[in-house]
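Okay, here's what each chain looks like letter by letter:
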Amino acid sequence: MNNPYIVLPIIFQLFTAILLMFFWLNVNAQRLISGIFSLISLGISIWLFSEIWQNGILISQAGGWQAPFGITFVADVFSATMVLLTSIAGFAVAIFSAGSIRNARLKFGYFPILHFLLMGLNGAFLTGDIFNLYVWFEIIIIASFVLITLGGEKSQIEGAIKYVTLNLLASAIFLTAIAILYGLVGSLNMADLSIQIAEVENRGLVNVTAILFLIGFGIKSAIFPLYFWLPASYHTPPPAISAIFAGLLTKVGVYALLRIFTLIFIPDEFLSNLLIGLAALTILSGGLGALLQVNMRKMFSYLIICHIGFLIAGLGMYTELALVGALFYLIHDIIVKTNLFLVAGLIFKLKGTLNIEKLGGFYRQFPKFSLLMAIPLFSLVGIPPLSGFWAKLYLIQAGYLSGQYVLIGFILLGSFITLWVIAKLWAEVFWKPDVSIPKKIGVKYFYEIKPLKRWAMVLPVILLGITSLYIGFFAEHIIVLSKHISADLMNPQNYIDAVLGAKPLTP
Amino acid sequence: MEILLIIIIGLLYAAGIYMMLRRSMVKLIIGLILLGNGANMLIFLLGRIVKGKPPIIESTAKMFTEIYADPIPQALILTAIVISFGLQSFAIILVKRAYKVAKTDDLDELNTTDEIYE
Amino acid sequence: MKTLIFKTASSYLLPLLILFSIFILLRGHYLPGGGFVGGLIASIAFVIHSFANGLEKTRTIIKFHPGFLIPVGLLIAIISGAAPLFLGQNFMTGLWMDDPIPVIGMVGTALFFDTGVYIVVIGITLTIIFTISETL
């Protein structure tokens, strides 16, 4: 069904960014506009989601050019869910930024670029054209390059070199894959590709293209041998920025993998085994990396990698149940990872360090904060009935039904390592007796800033905490949603019919 | 013509990857640029090269009756070039800043963010 | 490069090149040209002027920071792109006036989009070049 308004989440973020650029030096106006407009954008996403939940897949042909000739925007339940999650995380980070980002950074255009990043994310989720997906990815990475280097500290520049290089390499590989795909079938529309790729006789070349896509998106989503840029760079920028990166940037890579490998390249046995192997190794290497670290944000960076493994495992098993688990985990992970990095930022503001060996006595000193921070930490571990538990239950069940016992072992090991890491963190930071930390010069502590800004830093953590509690306690809603998406992904015929019309064009 | 382009594309990819594997930051950037150019040439080649048949249709005709040059690869390449222009200029400025801050051109020296204890 | 010939030529070239860039912008929809090229030509006019007369002189001609042009151009482009949404049509659908206007020709949303691109390109190019020549 055609509905031109599904592009609103993209246009509205662009409009917000432009409006913010008019207030380049007036940082207080920027704080206010960014907060209010993020809230409106959240409203738009909720509208989009409810519209699609009731009416099914909606499309919009940009410029009125019919698919497969023009660029098509497609909003199915999966896209709408991702847009909704982006808006929630974006709103939380916009509020947190208003409290925590220094004026010097804001005067270099922090807020406009944040909204350009959110626009790119919404675009990547809503597009139905593979080259357009490439363009949205480039918008995302160029905005993230600016955000990661904004401020220009030595560690930021160093981390950015690694981040920029590997992301540019990923883009080059992605572009190469698109070139081969276009040479193979002469189309760029994803629904059209889905039909045409199935008819190509040269399966070898199709598989090579699939592997190129896997490598390109694999670098972006940080799967096993390709993740080294992530722990080198994610702890360097200010906490608000690493929160939005942790929550959404790797997940957009996973979204692309889920979309491409369910719609265009249906995993055969080789690809399925490859994905499962990669998932197991991603879980293992991310988990072991997290065990070694003492800096809290680096720990969380490795945990991101570990948990990307769960998502890839769900894709690798490629059954409807496994995808339910992966999708539930994706929904849970975006909220929790964003929250974790915000919590790390809050701890830094309170204590002036993130080294868990130096921190201590947090529970005695700040009992209310500790309770608030316990929500994302224990949700991450997946203690029932918190949100991480249900997703892992589905993944393990799917693994049992498809006979992937080794993978179940790795998933359990990954959960166990996560538990170990969080338990270590909890014992060191919250329960260990307080060690006095010398005051750092140049750090503006939490009790030194104005009450309004303090609330701006606590409120997003509360908001995301409530969201993850909702995911945990009302898991049946999320399960219904995940089942719906997973059924859509396993039967792409609905998607294809919606884009190309009921009767596909014959040449 | 095609075989020449194929060789050039291969050379560009090989040179780009070779340059990226060097330890110097400047060579890294050159490698990325070469790789991007290789990808653009690949799109051009895989769009099927047709000589002297522009995709212009007679005002009386409704559809193409004979073979014509596909205009889409050129649109794709143009987009990719503009994007890579922006990204590469950003990367060049970043490398310049990194050289100023770290005072070295050697990528192996840039390892402080990977240390456990900073 | 402060030679007399270049200096004299640049003061004539500035209006000429800007006029030419507008010509390129207006013919852009059906013929070679368009906002991107037009914007580049217009910014070259200012760059030549700044090479001949110094950056400060060019700044006084433009009167405001060229970075201000970026959001203005983007705003024009996004409004022309989103205009069809108000009529319930798809994003970026071309809306055209029925009759051509003399000199300009057919007026539609595509022209406004191109104008937006033109302004953004001038803004970005001049910001980059001014920043680089300041730090050199």
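Since we're looking at a predicted model, the values are computed, not measured.

## With respect to the overall build of chain A
So, step 1. Within chain A, the secondary structure is distributed over 21 helices and two strands.
So, step 2. Taken over C-alpha atoms, the radius of gyration comes to 22 Å for chain A, in line with the 23 Å a tight globule of 507 residues would show.
So, step 3. Dimensions along the principal axes, computed over C-alpha positions, put chain A at roughly 75 × 55 × 40 Å.
So, step 4. Within the span of chain A, comprising 507 residues, buried residues form 63% of the whole.
So, step 5. Within chain A, contacts between residues separated by at least 24 positions form 81% of all contacts whose residues are at least 6 apart in sequence.

## Side note on the UniProt feature "transmembrane region" (unreviewed entry) in chain B
So, step 1. Under the present numbering, the feature "transmembrane region" (unreviewed entry) in UniProt falls on residues 6–21, 28–50 and 72–95 of chain B.
So, step 2. For residues 72–95 of chain B, the end-to-end C-alpha separation is 34 Å, with 100% helix and 0% strand making up the annotated structure.

## As for the interface of chain A and chain B
So, step 1. Each side of the interface is counted separately: chain A has 30 residues, and chain B has 28 residues.
So, step 2. Of all the secondary structure elements, the ones that give two or more residues to the side of chain A that touches chain B are α6 (130–149), α7 (154–185) and α10 (229–233) of chain A.
So, step 3. Each residue belonging to the side of chain A that touches chain B can be placed in one class, and the counts come to 17 nonpolar, ten polar and three charged.

## Considering unusual backbone geometry
So, step 1. The peptide bond linking Ala67(A) to Pro68(A) adopts the cis configuration, its omega dihedral lying at 5°.
So, step 2. You can see Pro68(A) is positioned in the loop between β1 (58–61) and β2 (72–75).
So, step 3. A positive phi angle, near 60°, is found at Ala222(A), a position not held by glycine.
So, step 4. Inspection of the secondary structure puts Ala222(A) in the loop between α9 (203–221) and α10.
So, step 5. A count of 25 C-beta atoms within 10 Å places Ala222(A) in the buried class.
So, step 6. Of note in this structure, Met92(C) is not a glycine but carries a positive phi near 70°.
So, step 7. Tracing the sequence through the fold places Met92(C) in the loop between α4 (69–86) and α5 (109–135).
So, step 8. Accessibility expressed as a C-beta count within 10 Å gives 24 for Met92(C), which makes it buried.

## Quick word on helix α19 (residues 451–473) of chain A
Residue and element names in this part refer to chain A.
So, step 1. Here α19 contains 23 residues, and its C-alpha end-to-end distance of 32 Å stays within 8% of the 33 Å for a straight helix at 1.5 Å per residue.
So, step 2. Along α19, the residues that are buried comprise Ala-456, Met-457, Pro-460, Val-461, Leu-464, Gly-465, Thr-467, Ser-468, Ile-471 and Gly-472.
So, step 3. Buried residues in α19 make contact with α3 (77–100), α14 (320–351), α16 (367–381), α17 (387–401) and α20 (475–490).

## Some points on the confidence of the model for chain A
Keep in mind that low pLDDT regions are not for reading the predicted coordinates in detail.
So, step 1. Overall, the predicted model of chain A reaches an average pLDDT of 91, with 99% of residues at or above 70.
So, step 2. At the low end of the mean pLDDT range in chain A sits helix α15 (residues 362–365) of chain A, at 86; at the high end sits helix α5 (residues 110–126) of chain A, at 95.

## A few points about the packing of helix α2 (residues 27–55) of chain A against α3(A)
All names here are of chain A.
So, step 1. It is the contact of α2 with α3, at a shortest axis distance of 9 Å, that shows an interaxial angle of 165°. It follows that α2 is roughly antiparallel to α3 by the angle criterion. You can see that α2 and α3 cross each other, and the crossing is left-handed.

Basis of the calculations
Residues numbered from 1 in each chain as written. Chains lettered and ligands numbered in written order. Predicted model: local features only at pLDDT ≥ 70, side-chain atom pairs only at ≥ 80, totals over all residues. Helix = DSSP H or I, 4+ residues; strand = E, 2+ residues; numbered from the N terminus. Rg over C-alpha atoms; globule rule 2.2 N^0.38 Å. Buried ≥ 20, exposed ≤ 12 C-beta atoms within 10 Å, placed from the backbone. Contact = placed C-beta atoms within 7 Å. UniProt positions renumbered as here; feature names shortened; annotations may be inferred. Nonpolar A, V, L, I, M, F, W, Y, C, P; charged D, E, K, R; others polar. Expected span 1.5 Å × (residues − 1). pLDDT = per-residue confidence, 0-100. Axes fitted to C-alpha atoms, helices over the stretch in contact; angles between N-to-C directions. Parallel < 35°, antiparallel > 145°, perpendicular 65-115°, else oblique. Left-handed = near helix turned anticlockwise from the far one by under 90°.

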